[in-house]
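# Reading the structure
Chain residues, written in single-letter form:
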Amino acid sequence: MTDLPVNLDKRRGMAAQKATDLPSALADIEANLREVREREADLEKRMMTVPAASWPEAAVKARHLLNLYAASLPAEDTRHRALVAALFDDFARLSDGV
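Residues numbered from 1 in each chain as written. Predicted model: local features only at pLDDT ≥ 70, side-chain atom pairs only at ≥ 80, totals over all residues. Heavy atoms only, no water.

### Re the nonpolar core
For soluble globular proteins, the rule of thumb is that nonpolar side chains tend to be buried together. In terms of nonpolar packing, the biggest core is built from 5 residues, these being A59, L66, A70, V84 and F91. Where this core is concerned, the elements lending two or more residues are α2 (55-72) and α3 (78-95). By residue number, the principal contributor to this core is α2, which donates 3 residues. (Core = buried A, V, L, I, M, F, W, Y, C linked by side-chain atoms within 4.5 Å. Buried < 20%, exposed > 50% of the residue type's maximum accessible area, 1.4 Å probe, protein only. Helix = DSSP H or I, 4+ residues; strand = E, 2+ residues; numbered from the N terminus.)

### Quick word on α3
Look at α3: 26 Å from first C-alpha to last across 18 residues, which is about the 26 Å you get at 1.5 Å a residue. Of the residues making up α3, those classed as buried are V84, F91 and S95. For α3, the angular spread of buried residues about the axis comes to 15°, placing them on one side. Facing away from the buried surface of α3 by more than 90 degrees, the exposed residues are T78, R79, L83, D89, R93 and L94. Directly beyond the C-terminal end of α3, a positive phi value near 55° is found at D96. (Expected span 1.5 Å × (residues − 1). Arc of directions from axis to C-beta.)

And the structure:
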């Protein structure tokens, strides 16, 4: 007899391992999504309550709002997607990398 632990995963088939791993991975993803949503809600609350002190700060708020808008666009709406991309390019050019 040995005191070393036995790795039971090596003794199970691949299907059994995946059946165990998938629920765990899904739970991790759901927890991460909840955390991201909570952080986004906190960020948006601060964006609404604290006025921008400069044009770059206002651009950060606008960039966030444009990302939300772009995410809601249908894939076939290439004209509006291109307009959002052009505006992001303008922000980058005018901010000189700030």
